[in-house]
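What follows is the residue order along each chain.
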Amino acid sequence: YASNFTCHVKINTDPPSWEEMGRVFATNGIRPGGHYQPDGCQPRQKMAIVVPYRDRQQHLQILLNHLHTHLPKHSMEYKIFVVEQAHPNIFNRGALFNLGFLEASKNYTFDCIMQHDVDILSEDDRTIYACYRMPRHLSGYNDKGHYKKPPKYHFGGVTAIPTKMFESVNGFPNSYWGWGGEDDDMSARLQVHGHTIFHHPVNIERFTLLKHSKHKLNPFNIYKYFLVNANPYKETMK
């Protein structure tokens with residue numbers, strides 16, 4: 001990688017219509033269901049990218065346009081799974097990731113599971129969407145945090161975990177309703193299992209967060225975090 005920031009990606013917050021994006025995606029080799037497979041080469045990994053979603057259509061449109069524009073440049077095979085919460089209760093990010101993983105496993109064989117929030121976009125084409133031997137936190141350096149190094153335990157935004165590793169820690173917890181807690185819980189599960197969260201340098205992995213109304217932290221989630229992590233395998237994604 002070059003030592004300076006030279007591969008900036010233009011963030012398009014005004015994407016084409018669904019119909020126009022569909023035509024462009026088909027021309028660029030994106031198959032129905034958000035599946036891309038490069039021609040003429042055997043990809044080293046197959047990725048399932050899970051996006052938890054509810055009531056954020058504009059952000060979803062921006063994200064899908066962004067991902068399908070830039071990911072094919074890396075000649076990686078991937079399939080995007082958008083998991084929409086219909087339950088009338090408050091948002092449950094961890095449960096949606098687990099559901100996405102289980103649904104993806106039914107009809108797609110993959111080596112790497114990526115968790116991708118709907119409101120965050122990569123700023124650099126050198127950001128590699130793939131899994132390593134260690135769990136990866138891709139979006140630690142972002143504009144909201146002024147691109148400062150994140151805390152070691154932080155594991156939100158965009159993350160990547162090898163499929164077998166995700167299964168070995170029982171996925172995300174299902175009991176965190178509302179904002180906060182489930183990503184820290186996952187971080188603890190991984191570290192208790194002996195895994196170290198990995199980051200690329202700040203000049204490569206930089207992300208932009210789309211603007212939206214601020215969420216209030218569910219204070220009970222903090223209690224759950226400490227309670228569950230006394231026994232981090234107490235909950236199972238199934």
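Residues numbered from 1 in each chain as written. Predicted model: local features only at pLDDT ≥ 70, side-chain atom pairs only at ≥ 80, totals over all residues. Heavy atoms only, no water.

**Student:** I tried to follow the nonpolar core on my own but got confused; where do I start?
**Tutor:** Note that soluble globular proteins tend to have their nonpolar side chains buried in a common cluster. Counting 30 residues, the largest nonpolar core has Ile 49, Tyr 78, Met 114 and Tyr 129 as its most contacted members. Breaking this core down by element, the ones donating at least two residues are helix H1 (18–27), strand E3 (46–53), helix H2 (57–70), strand E4 (77–84), strand E5 (112–116), strand E6 (120–122) and strand E8 (158–162). Among the elements that make up this core, the one with the highest residue count is H2 (five residues). When near neighbours in sequence (up to four residues on either side) are disregarded, Ile 49 contacts Leu 71, Tyr 78, Lys 79, Ile 80, Phe 81, Met 114, His 116 and Tyr 129. One finds Val 169, Met 186, Leu 190 and Ile 197 within the second-largest nonpolar core, a separate group that totals 20 residues. (Core = buried A, V, L, I, M, F, W, Y, C linked by side-chain atoms within 4.5 Å. Buried < 20%, exposed > 50% of the residue type's maximum accessible area, 1.4 Å probe, protein only. Helix = DSSP H or I, 4+ residues; strand = E, 2+ residues; numbered from the N terminus. Contact = heavy atoms within 4.5 Å.)

**Student:** Mind showing me how you'd approach the sheet that holds E8 here?
**Tutor:** Strand pairing within a sheet occurs via backbone hydrogen bonds; the two strands may be parallel or antiparallel. Pairing is mixed across the open sheet formed by seven strands, whose spatial order is E1-E2-E4-E3-E5-E8-E7. Both edges of this open sheet fall to strand E1 (30–31) and strand E7 (136–137), since each of them pairs with a single strand only. Pairing of E7 with E8 involves two bridges; the strand directions are antiparallel. Paired with His 137 across the two strands is Thr 159, which belongs to E8. (Pairing = 2+ DSSP bridges.)

**Student:** Would you take a moment to explain the state of the cysteines for this structure?
**Tutor:** Linking two cysteines covalently through their sulfur atoms gives a disulfide. The final tally for this structure, using the stated rule, is one disulfide. Two residues, Cys 112 and Cys 131, share a disulfide whose sulfurs are 2.1 Å apart. Torsion about the S-S bond of the Cys 112 and Cys 131 cystine: about 70 degrees, corresponding to right-handed handedness. Taken together, the residues span a long stretch of sequence, with Cys 112 in strand E5 and Cys 131 in the loop between E6 and E7 at a distance of 19 residues. Using a relative accessible area of 0% as the deciding quantity, one classes Cys 112 as buried. (Disulfide = S-S within 2.5 Å.)

**Student:** Sorry, what's going on with the pairing of E5 here?
**Tutor:** Where a strand is regular, its side chains alternate between the two sheet faces. Among the five residues that make up E5, five are buried, leaving the element largely enclosed by the rest of the structure. Sheet topology note: the E3/E5 ladder contains four bridges and is parallel. From the neighbouring strand, Met 47 faces E5, where its bridge partner is Cys 112. Bridge count between E5 and E8: five bridges; the pairing is antiparallel.

Shape is all these values report; function is a separate question.
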